[in-house]
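# Chains, contacts and geometry: an overview
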Amino acid sequence: MKSVWRDGDRVREVELKSLGAARYAVNIDGATFEVAAELTSDGRLRLTSDTGTTVAEVTAAGTQRFVRLGTLEFVLHREASGRRAGAAAQGGMEAPMPGVITKVMVEVGAEVEKGQPLLALEAMKMEHMIRAPRAGKIKRIAASPGQMVQAGAVLVELEG
Amino acid sequence: MKSVWRDGDRVREVELKSLGAARYAVNIDGATFEVAAELTSDGRLRLTSDTGTTVAEVTAAGTQRFVRLGTLEFVLHREASGRRAGAAAQGGMEAPMPGVITKVMVEVGAEVEKGQPLLALEAMKMEHMIRAPRAGKIKRIAASPGQMVQAGAVLVELEG
Amino acid sequence: MFRKVLIANRGEIARRIAATLRELGVRSVAVYSEADRGSLHTRICDEAVFIGPAEARESYLNIRAVVEAAQQSGADAVHPGFGFLAENAAFAEAVEKAGLTFIGPTPAQITAMGDKREARKIAERAGVPIVPGAEGADADALARAANAMGYPVIIKAALGGGGKGMQTARNEAELREGIEAAQRVAASAFGDPSVYIEKLLEHARHIEVQVLGDGHGRALHLYERDCTLQRRHQKVVEEAPSASLTSDQRTVVTHAAVRLAEAVRYRGAGTIETLLTREGQVYFLEMNTRLQVEHPVTELITGIDLVRAQLEIAATGKLPCEQHQLQRHGHAIEVRLYAEDAAKGFLPQVGTVSRVRWPYGPFVRVDHGIESGDSVSIHYDPMLAKIIAHGPDRETAIERLLAALDDTRVHGVVTNLPFLKALLRAPEVRKGSYDTEWIEREFLQPFAALMQAPAPELALAAAAIAEALGGSNATVAAPGAAPAAAPDPFAALGRWRQGGLGA
Amino acid sequence: MFRKVLIANRGEIARRIAATLRELGVRSVAVYSEADRGSLHTRICDEAVFIGPAEARESYLNIRAVVEAAQQSGADAVHPGFGFLAENAAFAEAVEKAGLTFIGPTPAQITAMGDKREARKIAERAGVPIVPGAEGADADALARAANAMGYPVIIKAALGGGGKGMQTARNEAELREGIEAAQRVAASAFGDPSVYIEKLLEHARHIEVQVLGDGHGRALHLYERDCTLQRRHQKVVEEAPSASLTSDQRTVVTHAAVRLAEAVRYRGAGTIETLLTREGQVYFLEMNTRLQVEHPVTELITGIDLVRAQLEIAATGKLPCEQHQLQRHGHAIEVRLYAEDAAKGFLPQVGTVSRVRWPYGPFVRVDHGIESGDSVSIHYDPMLAKIIAHGPDRETAIERLLAALDDTRVHGVVTNLPFLKALLRAPEVRKGSYDTEWIEREFLQPFAALMQAPAPELALAAAAIAEALGGSNATVAAPGAAPAAAPDPFAALGRWRQGGLGA
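Per chain, residue numbering runs from 1 following the sequence as it is written. Chain labels run from A onward and ligand labels from 1 onward, assigned in the order the entries are written. Local features in this predicted model are restricted to residues whose pLDDT is 70 or higher, and side-chain atom pairs enter the listing and the counts only when it is 80 or higher, whereas totals over whole chains, interfaces and linings include all residues. Side-chain metrics rest on all non-hydrogen atoms present in the structure, leaving aside hydrogens and water.

### Description of the overall build of chain C
Short version of the rule: Think of it this way: any DSSP run of H or I at least four residues long counts as a helix, any run of E at least two long counts as a strand, and we number them from the N terminus. When we talk radius of gyration, it's over C-alpha atoms, and the globule rule is simply 2.2 Å times the number of residues to the 0.38. The cut-offs for exposure are 20% and 50% of the maximum accessible area for each residue type, with area from a 1.4 Å probe on protein chains only; residues under the lower value are buried, those over the upper are exposed, and the others partly exposed. Note on definitions: a residue-residue contact is assigned when non-hydrogen atoms from the two residues lie within 4.5 Å. All accessible-area figures derive from a Shrake-Rupley calculation using a 1.4 Å probe, and residue coverage is judged against the displayed protein chains alone. In this tally, Asp and Glu contribute negative charge and Lys and Arg positive charge; neither His nor the terminal groups of the chain are included. Taken as the charge location is NZ of Lys, CZ of Arg, CG of Asp or CD of Glu.
A count of helices and strands for chain C gives 17 helices and 23 strands. Here chain C has a C-alpha radius of gyration of 23 Å; the compact-globule value for 503 residues is 23 Å, and the two agree. Dimensions of chain C along its principal axes, counting C-alpha atoms only, are 70 × 55 × 45 Å. Evaluated residue by residue, chain C yields a buried proportion of 63% over its 503 residues. When contacts within chain C are restricted to residue pairs at least 6 apart in sequence, those whose partners lie at least 24 apart make up 66%. Surface summary for chain C: the accessible area is close to 16,300 Å², and the carbon and sulfur share equals 49%. For chain C, the separation between the mean place of its 55 positive charges and that of its 62 negative charges on side chains is 2 Å.

Structure (structure tokens):
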């Protein structure tokens, strides 16, 4: 079984092959290792590899997976299979969280530089500046002051 | 809807009549009062009667009902409809909890006095003495030393 | 310091010890029986090792299984907690033979103090007065001794502790019945039927002194605890300091405790239990060679982590501080929350604790061993939690503890929560005017009567309506918006809600 | 004392206040918006009143709705907590006009101190040195003033507080952009766009003094707190006492604070915030006329319940004790756990906190406002909890806090837990060698780099296997039984696990 995970800015592929008896061959980014996995009575995951045994705890929340290993916490994102890694590079043009647009600083057609402030978004009593991820020309602005936007909503499109 | 509840040594009957709009006429042991009941979004029960509003919390565990009213806690037992109140009066001849019989102090046919020790039961590292609830003659002994018994198991029967 | 410590215990005390190990960066290893698979203490330790069937004798009391678990896990030390093998010299010896450190006193010290008859002799030699008593297996001889010293007397297991098997006898018939019962419990619980008797000092208070010894002849005390509120010789409320000790008496009893600990070159944490009579005389009762259930009240008033002190003494032989550096601050009080029906002779309860809410408060500490969904089994002690409050004075600490108990919810298993609340509301407890027999003598009967009062009609209505609505599983409770100036629906329950019992 | 108090707040501080009310036997009334239906603070109060839509302006900031709720519930006093209406003089006035007691200072005191420009003048008159600064609506004039005093400067909302809207400017372009942004936030958050600028004192520490005034001209201080560890002018770690104050400096700053509080006949709890420069000079920053988020560290070292003190001053005008009766014990340190992505510019996070485990330890306090299943909404401050540890010294308190953070699990929403852990493990923090700009100047970049390291393969394997087993919902975590002498699976993560950042 293949799955694609976003780990910060990285996209990582995991291939899981059942070897029977609750053992798996795990291939991550090309390297393979074996893990024995036991689901404990209280729902934890006991993983034994050649480096020892660890009990993990995994909680799903939407596409996020909160993974606790010992006292360490990691957050991974499950990508829909086939999703291209490049999509995330647009980041910064989407609303990072739900909020209200308080200011629009550019107009369609304007040439902007990398890092230039485009929009201000207020949420949780803090102002967040949306900046251009790269130089380019504003193709579309999908937000106006006072407008409430959802997380992930595309606010500005850039061309060039 | 009629229900029978054991409240300590008492057996109490509750008759609930829906008056619509989440209002009920409640008859308890012959006296009637009205209650408006609202199930809150987090599953609590908000009860309004002519004495005010209280939010109750009810947890079922077998036939037990743990009822919290404000900071007060009550435990009621739901009786199967039709169960006779008299049955509980035998109390004391049944194992009060699971455990091991450590001593049998009487024989079948013996005349015993009220309060006389009949059996010793050990559970949770404590010894519990089973005593005669009234004077009478031992009709049957259903336990022997070393035997493991379940809660509610009849240990001794008394006649006369 | 150690690298990895196995905790040879379960429940709240295993969790308590694990918290300090985490703080010191020491890996913790839990052990668990079949009945404790997945239970809280296994979930919070770094590792967990299965040691056998549910029966304690086959698991938590199984020396071989526990020592093997320690070796298998690579632990370099073992903390026994309290109960189970904590005062078992053979266990301490087996741990040391396996090349591991036993976090506690030497096997010889455990043996000496574990035989309460021997301990009395040691105390006497150290100049600590002991209660008149007699020992031996011959019931006739004990009866003669009891007649000579005068009833009432207490029968105690020679190798016992924690009140288990203790019986009070007010006449010869009770004495003979009590000796037999105590011998049975002693044989079953401690593996030795020996008992001894002591004159029951009536109207006395239970005062105990926490000591720490370095094993080389130096010891210090961490003041006293007052555990006078007992039922059937089992402590239910513990506090520090004692409200009934004069400053001079405090000096006498703490110095005697240090003298005793130094005389035996005591190693680790221990408690010297004494009785304070109405006349102000202090008598030695016994010494417990382990951490005590009620250790949190001492921790709160001194700021000393007793588990950390135990670990440091075991690892380095060093006491946490000098006697003169120790200060105490305010007053701390603890209750033991048990799964038991207090109104029915404290009958232990088993089942699943389906819904729990532990209390919160800025000066409240909760040492618990269960969470919602955990079960209480027949196999072990039914203590669910200790709830402890700290305050500048006794009155404030009690108020805080009561507020915490009002904020506590345990549904699914009957607990002694109503008993504890009524106890802390009793005027005698507020005034501090009670003795070790007071609960049984004066409190239990009115409490039982109170518990027999019918439940308010609203409780029955709530149960019936919850059923009608298709779920008896309403969640957390909190009274809702009351109309302005509405009469308090609990006013009719005045004795319960306001002054409580005896008000 | 009051009979019933309405808590005009939500989350952990509402729960905190309710705990003290319960202790005093005072009924508590919660208020809640549409978004907070059934949330924790409504569950633990005695009553709960609905006050409006999710938007704070329509509910928690809606003076009329809150005052009506107080009247409707029959409350005789209102506690504002912090944030929302806590420093709103119009609210305090409306509460008093409704015939209820406002638990806090007088409306005039709130107004005077709420205008930070006015507060600077009061401090100056009381003989407390103030930081050089300038005020006015004219950006050009401010720019000239900034040029005169020299960059960097800070732009602050005149009626602000809690770091909201604060902007640092290192040159005129940043100043002009910052003034605009600050004015927008100020207008939105405080209803007034006025801002002022202050010279940024570099390499300074944030020291604040907790005071209590009786409203009749008497005040006492409860020592200082050190809140130097800030990011974007928002405190993340707070402790008491300050490790960087000399005894003489402590005397100077606490006496100045008392002088200021007495000069204005201050009523209730307040905090005088100051900056301590590298040269040892103390400058007044502002006075907060309310309970502070970080009040628990003061409570732990003094044993004084600050909420209780507020209630008693409001009810009786009496301070809890005399200055000479106050003692402090040990060291306390707090972290603020936020739903925010620290590695992505502290971006606030929203969602459902599906699984929470709050830490346990004998000297650990957790003030939290959520439980498993509760949600974090866009509408309010994303602080989930404060985790506080107390110990005999700073080193022990930090160790305890770190152990508590390792014992904390919040799944479902990204939190700043990794940030807090890395911060407390940084050698600079352990040594106490940092200033208010240190996090941004030296810590953030290596932290972000650390967070960009790939997750260990085992984490990916766990996620994939959990999915393959049909449930990504494994419950509480704890490492299981490791084979004896097996290599630590986390060894490869050394920087994370051991010394942490910078080790």
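Additional details are given in the paragraphs that follow.
### Description of the overall build of chain A
Helix and strand content of chain A: 0 helices and 15 strands. For chain A, the proportion of its 160 residues judged to be buried stands at 45%. Just so you have it, chain A exposes about 7,500 Å², and 50% of that area is on carbon and sulfur atoms.

### Observations regarding the interface of chain D and chain A
The following threshold applies: Take the accessible area each of two parts loses on contact, using a 1.4 Å probe, and add the two losses: that sum is the buried area. Each salt bridge in this description consists of a side-chain nitrogen of Lys or Arg and a carboxyl oxygen of Asp or Glu lying within 4 Å of one another.
Across the boundary between the two partners, chain D contributes 70 residues, which contact 65 residues of chain A. Together, the buried faces of chain D and chain A total about 5,900 Å²; carbon and sulfur atoms form 64% of this surface. For chain D, the biggest contributors to the area lost against chain A are Ile-378, His-411 and Leu-460 of chain D; these three give 11% of the whole. Taken together, chain D and chain A are joined by 4 salt bridges. A salt bridge links Glu-467 of chain D to Arg-65 of chain A, with the nearest nitrogen and oxygen atoms 3.6 Å apart.

### Structural notes on the sheet that holds strand 22 (residues 383–391) of chain C
Residues and elements named next belong to chain C. For clarity, the threshold we go by: When DSSP locates at least two bridges between a pair of strands, those strands are taken to pair. Axes here mean lines fitted to C-alpha atoms, for a helix over just the part in contact, with angles spanning 0 to 180 degrees between N-to-C directions.
One open sheet holds the 8 strands; their spatial order is 14-13-10-11-12-15-22-20, and the pairing between them is antiparallel. Edge positions in the sheet fall to strand 14 (282–288) and strand 20 (364–368), since each has one partner strand and no second. On average, each strand axis in the sheet is inclined to that of its neighbour by 25°, with strand direction left out of account. Inspection of the sheet shows strand 13 (residues 267–276) paired to strand 14 by 6 bridges, in the antiparallel sense. Among the inter-strand pairings, Glu-273 is bridged to a residue of strand 14, identified as Glu-286. This element, helix 9 (residues 247–263), spans strand 10 (205–214), strand 11 (219–231), strand 13 and strand 14 of the sheet and lies at about 115° to strand 11. Each of strand 11 and strand 12 (234–240) is contacted by helix 15 (residues 438–451), which is oriented at about 40° to strand 11, the strand it contacts most.

### Here's the deal with the sheet that holds strand 3 (residues 23–28) of chain A
Residue and element names in this part refer to chain A. Taken in spatial order, the 8 strands close into a barrel running 1-2-3-4-5-6-7-8, and their pairing is antiparallel. The sheet shows a mean angle of 35° between the axes of neighbouring strands, direction not considered. As paired strands, strand 1 (residues 2–7) and strand 2 (residues 10–20) are joined by 6 bridges and run antiparallel to one another. Looking across to strand 2, one finds that Trp-5 is bridged to Arg-12.

### Here's the deal with the environment of Gly-412 of chain D
Assignment of secondary structure puts Gly-412 of chain D in the loop between strand 23 (409–411) and helix 13 (417–425). Spatially, the C-alpha atoms of Gly-412 of chain D and Ala-146 of chain D are 45 Å apart, while their sequence positions differ by 266 residues. Leaving out residues up to four positions away in the same chain, Gly-412 of chain D has contacts with Ala-61, Gln-64 and Phe-66 of chain A together with Thr-352 and Ser-354 of chain D.

### Regarding the packing of aromatic side chains
Note on aromatic pairs: each is described by the distance of the centres and the angle between the planes. All names here are of chain C. So the rule is basically this: Note on aromatic pairs: the rings of Phe, Tyr and Trp (six-membered ring only in Trp) are paired at centre separations within 6.5 Å, and the planes decide the class, stacked below 30 degrees, edge-to-face beyond 60, tilted for the rest.
Applying the stated criterion across every chain yields a total of 22 aromatic pairs over all chains. Pairing Phe-84 with Tyr-380 gives two aromatic rings, centres 6.2 Å apart and planes at 80°, and the pair type is edge-to-face. Residue Phe-84 is found in the loop between strand 4 (77–79) and helix 4 (89–97), and its partner Tyr-380 is found in the loop between strand 21 (374–376) and strand 22; the two are separated by 296 residues along the sequence. Relative accessible area serves as the criterion here: at 27%, Phe-84 is assigned to the partly exposed category. Its relative accessible area of 4% is what places Tyr-380 among the buried residues. For the pair Trp-438 and Phe-443, a centre-to-centre distance of 5.6 Å together with 35° between the ring planes defines the contact as tilted. The exposure class assigned to Trp-438 is buried, which follows from its relative accessible area of 2%.

### Structural notes on the confidence of the model for chain A
Residues and elements named next belong to chain A. Threshold: Think of pLDDT as the predictor's per-residue confidence, scored from 0 to 100.
Taken over all residues, the pLDDT of chain A has a mean of 82, while the share at 70 or more is 88%. When mean pLDDT is taken per element in chain A, strand 3 scores highest with 94 and strand 12 (residues 126–131) scores lowest with 75. Per-residue pLDDT stays below 50 along residues 83–92; that stretch engages in 8 contacts with residues further than four places along the chain or on separate chains.

### Considerations on the pattern of salt bridges
Summed over the entire model, instances satisfying the criterion amount to 122 salt bridges over all chains. Of the charged contacts in the structure, one is a salt bridge between Lys-235 of chain C and Glu-273 of chain C, with a shortest N-O distance of 2.7 Å. Linking Lys-235 of chain C in strand 12 with Glu-273 of chain C in strand 13, this pair joins segments that are 38 residues apart in sequence. Assessed through its relative accessible area of 10%, Lys-235 of chain C is described here as buried. On the basis of relative accessible area, Glu-273 of chain C is assigned to the buried category, the value being 7%. The partner of Arg-308 of chain D in a salt bridge is Glu-399 of chain C, and the shortest N-O contact between them spans 3.6 Å. Note that Arg-308 of chain D is positioned in helix 11 (residues 306–316) and Glu-399 of chain C in helix 12 (residues 394–406), a pairing that runs across two chains. The exposure class of Arg-308 of chain D is buried, given its relative accessible area of 15%. Ionic contacts of the salt-bridge type, sharing partners, join the residues Arg-16, Glu-23, Glu-299, Asp-305, Arg-308, Glu-312, Arg-365 and Asp-367 of chain C together with Glu-399 and Arg-400 of chain D into one network.

### Some points on the side chain of Arg-65 of chain A
By secondary structure assignment, the location of Arg-65 of chain A is in strand 7 (residues 64–69). Take Arg-65 of chain A: its relative accessible area is 9%, and that puts it in the buried class.

### A few points about unusual backbone geometry
The phi angle of most residues is negative, glycine excepted, and most peptide bonds adopt the trans form. Residues and elements named next belong to chain C. Along the chain, Ala-240 connects to Pro-241 via a cis peptide bond; the corresponding omega equals -5°. Turning to its location among the elements, Pro-241 is positioned in the loop between strand 12 and helix 9. Despite not being glycine, Arg-265 shows a phi value in the positive range, around 50°. Residue placement: Arg-265 occurs in the loop between helix 9 and strand 13. Accessibility expressed as a relative area gives 47% for Arg-265, which makes it partly exposed.

### Describing the packing of helix 13 of chain D against helix 15 (residues 438–451) of chain D
All names here are of chain D. What counts is decided by this rule: Two helices that cross are described as forming a left-handed crossing if the nearer one is turned anticlockwise from the farther one by less than a right angle, and a right-handed crossing if clockwise.
It is at 11 Å that the axes of helix 13 and helix 15 come closest, and there the two elements cross at 120°. With respect to the hand of their crossing, helix 13 and helix 15 are arranged in right-handed fashion. Contacts from Pro-418, Phe-419, Ala-422 and Leu-423 of helix 13 reach helix 15 at Trp-438, Ile-439, Phe-443, Leu-444, Phe-447 and Met-451.

### Examining helix 11 of chain D
All names here are of chain D. What counts here: Polar contact is the term for a pair of N or O atoms within 3.5 Å; when the atoms are in protein, one must be able to donate a hydrogen and the other to accept it, and sequence-neighboring residues count only if both atoms are side-chain atoms.
Taken residue by residue, helix 11 has Leu-306, Val-307, Arg-308, Ala-309, Gln-310, Leu-311 and Ile-313 as its buried positions. For helix 11, the N-terminal capping position is held by Asp-305, with its side-chain oxygen 3.0 Å away from the main-chain nitrogen of Val-307. Phi turns positive, to about 70°, at Gly-317, one or two residues after helix 11.

### Brief notes about helix 9 of chain C
Residue and element names in this part refer to chain C. Convention followed: Expected helix span is given by 1.5 Å per residue-to-residue step, counting one fewer step than there are residues.
Here helix 9 is 17 residues long and its end C-alpha atoms lie 24 Å apart, about the 24 Å a rise of 1.5 Å per residue gives. Those residues of helix 9 that are buried are in contact with helix 5 (107–114), helix 6 (116–125), strand 10, strand 11, strand 13 and strand 14. Following helix 9 by one or two positions, Arg-265 has its phi on the positive side, about 50°.

### A closer look at the side chain of Glu-238 of chain C
Residues and elements named next belong to chain C. Note that Glu-238 resides in strand 12. Glu-238 sits in the buried class, given a relative accessible area of 0%. One polar contact links Glu-238 to Arg-336, side chain to side chain, over a distance of 2.7 Å. Excluding residues that lie within four positions of it along the chain, Glu-238 makes contacts with Asp-226, Cys-227, Glu-294, Val-297, Ala-332, Ile-333, Glu-334 and Arg-336.

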